[in-house]
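Observations on the three-dimensional arrangement
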Amino acid sequence: MTTMYAALLRGVNVGGARKLPMAELRALLADLGHDRVSTYLQSGQAVFASGGGDEESLAAELSSAIEKRFGFAVDVLVRDHAYLQGIADACPFPASDLEAKQLHVTYFSAPVDEERFAAIDRAGFLPEEFRLTDRALYLYAPDGLGRSKLAEALARPRVAKGLTATTRNWNTVVKLVEMTSA
């Protein structure tokens, strides 16, 4: 039985650094034995079907293969369709009423809890807000991620210590659900 997955690569093709052409990423995934490979945008999303492994082993395999082939390390998170669908379904904000640039999901490599974020004065960042679930954080940033002071606070090393984290806007969240449903 095969499962559809999305691979979320952190920090590729941003600002001219760590160039990873999506055609080469697709070829690499196929070389690793995965089927139904496709990519979305140039910022490091790939979808593939696999009959073996789990999210962690698939992420480690892809990260290692990227470093071997391209010569630089890339943090990779892999999530299956059911997880991605659950994240979309559980959105605590009115996604259909918001612009995609206002709503983001940060995916984490491990479960997170409220204690990790206790030092952040949530009221001080309003109307920006965030909510946690399992291995993800939903961020509502009315003026967009680039202008978000809350996003800056959430990205501080002491907050994300020991985690791999990568953020996607709502359009990408929805598109990855769609792409992994096939």
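First, a word on scope: everything that follows refers to the structure included in this document.

Its place among the elements puts E61 in helix α2 (residues 55–70). Taking C-alpha positions, E61 is 9.8 Å from L29, a pair spaced 32 residues apart along the chain. Not counting residues within four places of it along the chain, the set of residues in contact with E61 comprises L32 and H34.

The next subject is unusual backbone geometry. If a residue is not glycine, its phi is most likely negative; likewise, a peptide bond is most likely trans. In this structure, P127 follows L126 across a cis peptide bond, with omega equal to 15°. Among the structural elements, P127 can be located in the loop between β5 (103–108) and β6 (129–133). A positive phi angle, near 50°, is found at R36, a position not held by glycine. In this structure, R36 sits in strand β2 (residues 35–40). Judged by its relative accessible area of 48%, R36 is partly exposed. Unusually for a residue other than glycine, D134 sits at a positive phi of about 35°. Position of D134 among the secondary structure elements: in the loop between β6 and β7 (136–140).

This paragraph deals with the pairing of β7. The buried fraction of β7 amounts to 5 of the 5 residues, a majority that puts the element mostly inside the structure. Residues of β7 alternate between two faces, with A136, Y138 and Y140 on one and L137 and L139 on the opposite face, all of them buried. Of the strand pairs in this sheet, β5 and β7 are connected by 5 bridges, and their pairing is antiparallel. Looking across to β7, one finds that V105 is bridged to Y138. Summarising the sheet, β6 and β7 pair through 5 bridges and their orientation is antiparallel. Bridge assignment links T133 to a residue of β7, and that residue is A136.

Analysis parameters
Residues numbered from 1 in each chain as written. Predicted model: local features only at pLDDT ≥ 70, side-chain atom pairs only at ≥ 80, totals over all residues. Heavy atoms only, no water. Helix = DSSP H or I, 4+ residues; strand = E, 2+ residues; numbered from the N terminus. Contact = heavy atoms within 4.5 Å. Buried < 20%, exposed > 50% of the residue type's maximum accessible area, 1.4 Å probe, protein only. Pairing = 2+ DSSP bridges.

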